[in-house]
Amino acid sequence: MLRSDGKSKDRVSPENRNDFWPCQGQHLTLAGCTADFSSVCGVLGKGKSKERPQQLRLKQRCDQFDRAPEGLAHILARMGNIRSFCITWARRLCPCCGSKDDDKDDDPTHVQVGAGKRQDTVTRQHTVTTQDNQPNATGLEDYGNGNSNSQPPQRTDLKGWHVSREPWEQTKPISSVSDKGTQVTVEIHPEDTSRKPIRIHSLEKGSQRLPSLRGHDNKGFQGTEAPQSPGPNDLHAYPWDKASFKSLPVDLQQFQKLDAYALKVNVKSSVEDLVKALLKQARTDLEKVRAIWMWICHHIEYDIVGYHNKSQRLSEAKDVLQTGKSVCEGYAGLFEQMCSIAGVQCKKVSGHSKGHGYKIGQTFTEKSDHAWNAVYIEGRWHLLDSTWGTGFVDDSVTKFTYRYNEFYFLTHPALFINTHFPDNSNWQLLKPTLTLKEFESSMLYNSSFYSLGLLASHPETPIIQTVNGKASVSVDCRSNTLFMFELKGTDKHGLMTLKKHGMKLDIYPQETGRHNLKIFAKPSKAETSEHAYNCVLEYVVECESVDKATCLPKDLNQPVGPSWLSERQGFLRPSHREPIIHTNDGRCSLTFTLGKDISVLTSLHADGSGPAEDLSRQHVMQILRRNQIELKVHLPHAGNFVMKIYSKKRSDPGSYDYVFNYLITCLNTEVKWPAFPQRYSKWMEDYEILEPLSGLLPANRNVQFKLKMHGIAKVLVQAEDTYPLTHNKGCWEGTCNTSGCREVSVMVHENANHSFYSYVLKYKVETQ
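Keep in mind the model is a prediction, meaning the values are calculated, not measured.

A.B. asks: Which residues make up the overall build of the chain, and what values go with them?
C.D. replies: The helix and strand tally for the chain stands at 17 helices and 42 strands. For the chain, the residues scored as buried account for 50% of the 768 residues in total. Sequence separation of at least 24 residues holds for 65% of the intrachain contacts in the chain that already meet a minimum separation of 6. Of the accessible surface of the chain, which amounts to about 37,400 Å², a share of 48% is contributed by carbon and sulfur atoms.

Structural data, given as C-alpha cells:
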C-alpha cells in the first residue's frame, strides 16, 4: 500500500520484483518499483466481480510472489480476466509506470508468461467513451485530441518474461453505450490461439476515470469524464446572504500575473495547442479555468453578423478559435472544450437570460436564448458566462465593444439567477430553486448593481403602483454611492436623498399611466463629470392618480437635503437632517457646524411668483458664530421653495460652488414676510443684526437699532437725518426716525484716522 510520501510498507524483494511488474520500456517489469502486489489485490477486493473469492485467495497468497514467480503466473492464468486486470492495475499503482511511461499506455503489448512453459500473450487496449457515444479526449494516455501515441513493442528478455517480436496489429476497441462512463477493453489469449476480447466495465455506475498522473504537471493533456450532476454540496442558499459576490473565495490580486500571461497568448493553430500554451502558467484547476476565461474574454468578440443571420453563425470550437468571433453558443462550446482538454469538468448550460432586448414583465415561452458554463472546481460546481464577461453590443446590435466584466466569473448562484435561468433547474445550484414564473417576475439586478457595492432594492418587484400619486424606492449599499434617476427622461418629478448606506427616492408622476423609472449610480470617489453613471435598476411605475398638491420646484436639484456628500464638503451636524422643511408661519432656522476655512452663500428660489433673482438671497440671513453658522429664512409667501447652499474656501478668491439644497414648504396663505435688509460687501460674515431684522421699516416711526459688529470705530444710521450709534457690550445701539425718507442706510467708520465711511446695510421705508 502506498503512503502519502510514496513509500511502501511491503516492498517487493529486489531479486524478484523484475519478474512481474511492467516497467522496463515495454511496461512488463518493475525494476526499482516501490509498489507491492498486495496493493493490486486490495483494489480488486473492492470490486464486484464474480471471481471475488479467487481475488481473496490471491491476496492471501501474495507471499508466493517473492518465492515463486511461476506460481503467480499460474494463479493469474487460472483467474482469466482478473489476471489481465491485475497487470493493468499493477501499472496504475506503480509510481514509475504511472509517471514515466504513462504516454505508452495505449500500446497493445504482447506478453509471454513463464520460462519455457505455457506462453500466453496479453494484449491491453483502453477505450474511453463519453455521453455522446463518441470517443472522448479523456483517453487514459492520449494527448487530449483523441489520438494515441502507440508504437510497436520491442523485444526485452528479463528472467523468463520476454516480449514477442511478432508483427504488431492494432485491434479495434470494443465500445458500449457511453452513459456508463469509462470502458476498458482487455484482450486475453494464448499466443497460439485466436484473440477473444473480454470487456471490463467501470466498477461503479456512472462515469469513472481510471487513475492517471497525466496532466498534473501540464506536460500532457487529458479530457475529463462526462460531467456529473450537481449534488447537495453544490447548492447555495437563496436568497443571497450578501456575503460574497462569488461562489468561491477568489483573490484577484493573486491572478494578476496569470491574467497578464493569458492575455498575451496568441495561439490559434488548434484548441489543443492553445490550451497547452495557456496552462504553462496554470497549476490548479482554478488557475486553469481562470486562464481559459481571461483568454476567451479578451480574444473572442461577439458575432454581430451571426446574430442577425443564423446561416453565417459559427459555433464549433475550432471555427470560433479561427475566426475569433461567435455568439453565446460558440463561447460556451469553446470554453467547455478547452476545460475538457485541460482536465477540468465543464458543462455547457442552456436557458433563458435577461440580456439584450429584455423588457420588464417579459415572459419566456420560446426555446432557450442563451448559453453559459458550469465548471467543477475544488469539489463543487460554479457558474460563469464568458459571453457577458467579454463586452456588450449597442441597442441595435450593430456594434460590439470589448469591456471586460469580472462579475460573471464564478458568480454566486443566488446572484446569477437574477439574469440566467437554466432549462435544467439543477444547474441553478440553489436551494430552494426558482420557478420560471418567479424568474420572470423577479427584479433585474445587472452586474453594475453589484459591482458598485449595491446590496438590495425595495420594492423587489420591477412593477410598482403609486399610492395617492406617490411611489417610493430605496437602495441599500455597502459604502457611500452617488445616485441619480430619470422618470420619463427627467429628474424633476422626484425627491431623492442620499443615506450613509444607500438612497431613498419618492416620485410623483404628473400623468396617469405607465412610466419608466431608471436609477443610475457611480462610486462616491468618482464625482467628476468624466466618470459616467451606470444604470443599475429599472422599474415600471403604474400611476392611477396624480398628486396635484405636490408640485416640486424646477430649481430643485437631486439629491435633496444634507448627506455624507455635504459633510464631505464641510457641513457637519445639521439641525435638519430631512430634505423637506415644513413651516406654518413662513419662518425657519437651520444650523451647521462648518469645517475649517469655509465661506457660505445661500439663495432662495420658487416657481412663478417667487422673489426676483436680485432678491433671492435677501430672504435668507446668514449668521456666523465661530465655526457654527445659522441660516434664518423668511418666506415671501406660501408655497414650495428651494434653498440652495454654496461654499468655497475663504482663502480662495474664486467663485462659490453648489453643495446641496433643501425643499421648504408652507401652506399658510397668509404668510408674507419681507426680505432681510440688503447687505453690502463690507458686511462681514460674523456680523449680526439683532434688530430690526425686517428690511422694510415703518414710515414716520422711531426705529430701534442693535447691531453686533467688531473692529469698528464709529457707526452712523443715515435717514432724513444722521443718527450715531453707541457701543455697549459688543453691540452698537441707537434710534433713528424714518420720517421724510424712503431708505435708511447703516454706515461704518472702520478707522478713526480715516475720514470716509462704508455702507454695510440698507433698509426700505414703507410708503405712506
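A.B. asks: Lay out the environment of Val-271 with the relevant residues and their values.
C.D. replies: Position of Val-271 among the secondary structure elements: in helix 8 (residues 271–278). A residue is classified by how much of its surface remains accessible, and Val-271, at 3% relative accessible area, is buried. Between the alpha carbons of Val-271 and Leu-334 there is a distance of 8.3 Å; along the sequence they are 63 residues apart. Apart from the residues lying within four places of it in its own chain, the contact partners of Val-271 are Ala-317, Lys-318, Leu-321, Leu-334, Gln-337, Met-338 and Ile-341.

A.B. asks: Residues and numbers for the packing of helix 9 (residues 285–299) against helix 12 (residues 328–342), please.
C.D. replies: Close contact between helix 9 and helix 12 brings their axes to 10 Å; oriented N to C, the two are set at 145°. You can see that helix 9 and helix 12 cross each other, and the crossing is right-handed. On the side of helix 9, the interface is formed by Lys-288, Val-289, Ile-292, Trp-293 and Ile-296, while helix 12 contributes Tyr-331, Leu-334, Phe-335, Met-338, Cys-339 and Ala-342. Classifying every residue of the contact of helix 9 with helix 12 gives ten nonpolar, no polar and one charged.

A.B. asks: With reference to specific residues and values, describe unusual backbone geometry.
C.D. replies: Leaving glycine out, the prevailing phi sign among residues is negative, and the prevailing peptide bond configuration is trans. Cis geometry marks the peptide bond from His-458 to Pro-459, where omega comes out at 0°. Structurally, Pro-459 can be placed in the loop between strand 18 (454–458) and strand 19 (463–465). For the bond running from Gln-558 to Pro-559, omega is -5°, close enough to zero to count as cis. In this structure, Pro-559 sits in the loop between strand 25 (534–543) and helix 17 (564–568). Not every positive phi belongs to a glycine, and Val-397 is a case in point at roughly 55°. In this structure, Val-397 sits in the loop between strand 13 (391–393) and strand 14 (400–402).

A.B. asks: If you had to explain helix 7 (residues 256–264) to someone new, which residues and values would you point to?
C.D. replies: Buried within helix 7 are the following residues: Leu-258, Asp-259 and Ala-262. Each buried residue of helix 7 lies within a common arc of 100° when the element is viewed along its axis, so the set occupies one face. Exposed residues pointing more than 90 degrees away from the buried face of helix 7 are listed as Lys-257 and Lys-264. In this structure, the buried side of helix 7 is in contact with helix 8 and helix 9.

A.B. asks: Give a description of the packing of aromatic side chains that names residues and reports values.
C.D. replies: Throughout the structure, instances matching the rule amount to 28 aromatic pairs. With a centroid separation of 5.1 Å and an interplanar angle of 80°, the aromatic rings of Phe-449 and Tyr-450 are classed as edge-to-face. Counting every residue linked through ring pairs, the aromatic cluster contains Trp-240, Phe-245, Trp-388, Phe-407, Tyr-408, Tyr-445, Phe-449 and Tyr-450. In this structure, Lys-354 packs its charged tip against the face of Phe-439, placed 4.5 Å from the ring centre. The ring of Tyr-656 carries Lys-648 above its face, with NZ or CZ at 5.3 Å from the centroid.

A.B. asks: Outline the confidence of the model for the chain, listing residues and values.
C.D. replies: Atomic detail in the predicted coordinates should be set aside for any region of low pLDDT. Within the chain, residue pLDDT values average 77, and 69% of them lie at 70 or more. Confidence drops under pLDDT 50 across residues 1–86; counting only partners more than four residues distant or on other chains, this segment forms 156 contacts.

A.B. asks: Break down the sheet that holds strand 32 (residues 639–649) for me, citing the residues and quoting the values.
C.D. replies: Strand order in the open sheet formed by four strands is 27-33-32-29, with mixed pairing between adjacent strands. Pairing within the sheet leaves two strands with one partner each, and these edge strands are strand 27 (580–582) and strand 29 (598–605). Here the strands of the sheet are splayed against their neighbours by 25° on average, with no regard to which way each runs. Two strands pair when backbone bridges link them, and strand 32 and strand 33 (residues 657–666) are joined in this way by nine bridges, in the antiparallel orientation. In the sheet register, Phe-641 faces strand 33, and the bridge partner there is Ile-664.

A.B. asks: I'd like a description of the pairing of strand 12 (residues 380–384), backed by residues and values.
C.D. replies: Within a regular strand, side chains alternate between the sheet's two faces. The buried count for strand 12 comes to four of five residues, which makes it a mostly enclosed element. Here strand 11 (residues 370–377) pairs with strand 12 via five bridges, running antiparallel. When the bridges of strand 12 are listed, Ala-374 appears paired with Leu-383. Where strand 12 lies against strand 15 (residues 409–411), two bridges are found, and the strand directions are antiparallel. Residue Leu-383 lies in a different strand from strand 15, and its bridge partner there is Thr-411.

A.B. asks: Outline the packing of helix 7 against helix 9, listing residues and values.
C.D. replies: Remark: helix 7 packs on helix 9, axes separated minimally by 8 Å, with the N-to-C direction vectors making an angle of 45°. The angle between helix 7 and helix 9 places the two elements in the oblique class. Two packed elements cross with a definite hand, and for helix 7 against helix 9 that hand is right-handed. Counted together, Leu-258, Asp-259, Ala-262 and Leu-263 of helix 7 and Glu-287, Arg-290, Ala-291, Met-294, Trp-295, His-298 and His-299 of helix 9 form the full contact between these two elements. Here the contact of helix 7 with helix 9 is built from residues that sort into six nonpolar, two polar and three charged.

Conventions we followed
Residues numbered from 1 in each chain as written. Predicted model: local features only at pLDDT ≥ 70, side-chain atom pairs only at ≥ 80, totals over all residues. Heavy atoms only, no water. Helix = DSSP H or I, 4+ residues; strand = E, 2+ residues; numbered from the N terminus. Buried < 20%, exposed > 50% of the residue type's maximum accessible area, 1.4 Å probe, protein only. Contact = heavy atoms within 4.5 Å. Areas by Shrake-Rupley, 256 points an atom, 1.4 Å probe, with all protein chains shown as cover. Axes fitted to C-alpha atoms, helices over the stretch in contact; angles between N-to-C directions. Left-handed = near helix turned anticlockwise from the far one by under 90°. Nonpolar A, V, L, I, M, F, W, Y, C, P; charged D, E, K, R; others polar. Arc of directions from axis to C-beta. Phe/Tyr/Trp six-rings, centres within 6.5 Å; stacked < 30°, edge-to-face > 60°. Lys NZ or Arg CZ within 6 Å of the ring centre and 35° of its normal. pLDDT = per-residue confidence, 0-100. Pairing = 2+ DSSP bridges. Parallel < 35°, antiparallel > 145°, perpendicular 65-115°, else oblique.

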